[in-house]
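# Examining the three-dimensional arrangement
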Amino acid sequence: MNAVLLGTLLHDLGKVGQRAGLSGNCSDIVSAVLYPLLPHGLQEAGKLASVPEVTTVPTTPGIRPAEILRIADWISAGKRDESTKEIAAPLLSLFSLVDIKKGSLPKSAFYSPQSLSLDRNVIFPDDKMHELASAYKSSWESLINDISLAQGIEDVESYSTTLFYLLKKHTWAIPLSASEENRDISLFDHSRIACAIAACLMKENANPDEVSSELISKNAAKDRFLLVAGDVSGIQDFLYTITSKGAAKGLRGRSLYLQLLSEAAAKFMLRELDYPLANLIYSGGGHFYILISSADENRLQDLKLAMESSLLQMHQGDIFLALGCAKLTARDLLIDLDGEQ
């Protein structure tokens, strides 16, 4: 399972190399450049990462781990850009697509494809983009250097977490593709969602042929996934029951505590259910969403009771965790298969 998940995270990194000026297709770059940098015990992940991507629903029988990777990658990407040429394009800011009913959309703004840093020219979008080629080259070189430094990490879980955050650092502002459909989706978000989907399919020991059939068919399909929503309730009372002396400091401290509490609850659930960090879809403002296999529905209820009991002991009912979930099919996760969701 670890090989599939790591392979899914690494699978599309060859796109960055192509845009940085390397020759060859995506899978060849992964095989030639990234494969030798993996720890010795994770070479299988490198082989899976080198599996060529597909532009249609995978239907040809093959090795199960590779087919799971392809299906997860395809679902996460939605409608594929069938062009094999990678263009050094910037990531479109989502705010450029927000219609505020003023007669036209805002002027398009883009993020420079640079590694994450506390530089306003990096973290804020701009309507003017220059020197994309050099920015891609710099991000690629930084990514390769950091992956090389992580090669000595022998523990699989530690390496997986390190790789996850390295990808976030270096591919957060790199678009999945330059196509109209995917120019506002970062490579990091695509890869982590693909990893989350693959984890769910591997967890239930899914048959790739059955999943492919469900993606093609519009008929009822199996509920394979659970989108779990968590909400830390009682926030307002907890935040504002503070004395006037040192109120600002106390408010910041309690806000941080609630954020950490929400993340801790989500990560506790993932750890107990044996899912990677990629399955934490969102966490913020006292809310979180995780994606798990429907096979874990019963265990989810047990974890809910355990967390409620712990919070009751710590806060005497002032703060509690509300959980809800929605069952999803593979097709529910797919967008733009036939021009619809």
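Scroll up for the structure.
Here is what the cut-offs are and how they apply
- Residues numbered from 1 in each chain as written.
- Predicted model: local features only at pLDDT ≥ 70, side-chain atom pairs only at ≥ 80, totals over all residues.
- Heavy atoms only, no water.
- Patch = residues over 30% accessible without salt bridge, like charges linked within 9 Å, V, L, I, M, F, W, Y side chains within 5 Å.
- Areas by Shrake-Rupley, 256 points an atom, 1.4 Å probe, with all protein chains shown as cover.
- Salt bridge = Lys/Arg side-chain N within 4 Å of Asp/Glu carboxyl O.
- Helix = DSSP H or I, 4+ residues; strand = E, 2+ residues; numbered from the N terminus.
- Axes fitted to C-alpha atoms, helices over the stretch in contact; angles between N-to-C directions.
- Parallel < 35°, antiparallel > 145°, perpendicular 65-115°, else oblique.
- Left-handed = near helix turned anticlockwise from the far one by under 90°.
- Contact = heavy atoms within 4.5 Å.
- Nonpolar A, V, L, I, M, F, W, Y, C, P; charged D, E, K, R; others polar.
- Pairing = 2+ DSSP bridges.
- Expected span 1.5 Å × (residues − 1).
- Buried < 20%, exposed > 50% of the residue type's maximum accessible area, 1.4 Å probe, protein only.

### Remarks on a nonpolar patch on the surface
- A contiguous nonpolar surface patch, about 320 Å² in accessible area, is contributed by Phe-95, Val-98 and Ile-100.
- By the secondary structure assignment, Phe-95 is in the loop between strand E1 (91-92) and strand E2 (110-111).

### Quick notes on the packing of helix H5 (residues 64-77) against helix H9 (residues 187-203)
- The interhelical angle for the contact between H5 and H9, taken along N-to-C directions, is 135°, at an axis separation of 8 Å. As far as their axial angle goes, H9 and H5 are oblique. Crossing geometry of H5 relative to H9 is assigned as right-handed. Note on element contacts: H9 touches H5 through His-190, Ile-193, Ala-194, Ile-197, Ala-198, Leu-201 and Met-202, opposite Arg-64, Ile-68, Ile-71, Ala-72, Asp-73, Ile-75, Ser-76 and Ala-77.
- Per-class residue counts for the contact of H5 with H9 are 11 nonpolar, 2 polar and 2 charged.

### Some points on the sheet that holds strand E3 (residues 225-233)
- One open sheet accounts for 4 strands, arranged E4-E5-E3-E6; its pairing is antiparallel. Looking along the sheet, the strands with just one partner apiece sit at the ends: strand E4 (280-284) and strand E6 (320-328). Mean inter-strand twist for the sheet, computed between neighbouring axes without regard to direction, equals 20°.
- For E4 and strand E5 (residues 287-293), the ladder comprises 4 bridges, and the chain directions are antiparallel. For Gly-284, the partnering residue across the bridge sits in E5 and is His-287.
- In the packing of H9 onto the sheet, the strands contacted are E3, E4 and E5, and the crossing angle to E5 comes to about 45°.
- Sitting on the sheet, helix H13 (residues 297-315) is in contact with E3, E5 and E6, with an inclination near 170° to E6.

### So, H9
- Over its 17 residues, H9 extends 24 Å from the first C-alpha to the last, a length consistent with the 24 Å expected when each residue adds 1.5 Å.
- The buried fraction of H9 amounts to 14 of the 17 residues, a majority that puts the element mostly inside the structure.
- Positive phi appears at Asn-205, one or two residues downstream of H9, with a value of about 55°.

So far we have only geometry, and geometry alone does not tell us how the molecule works.
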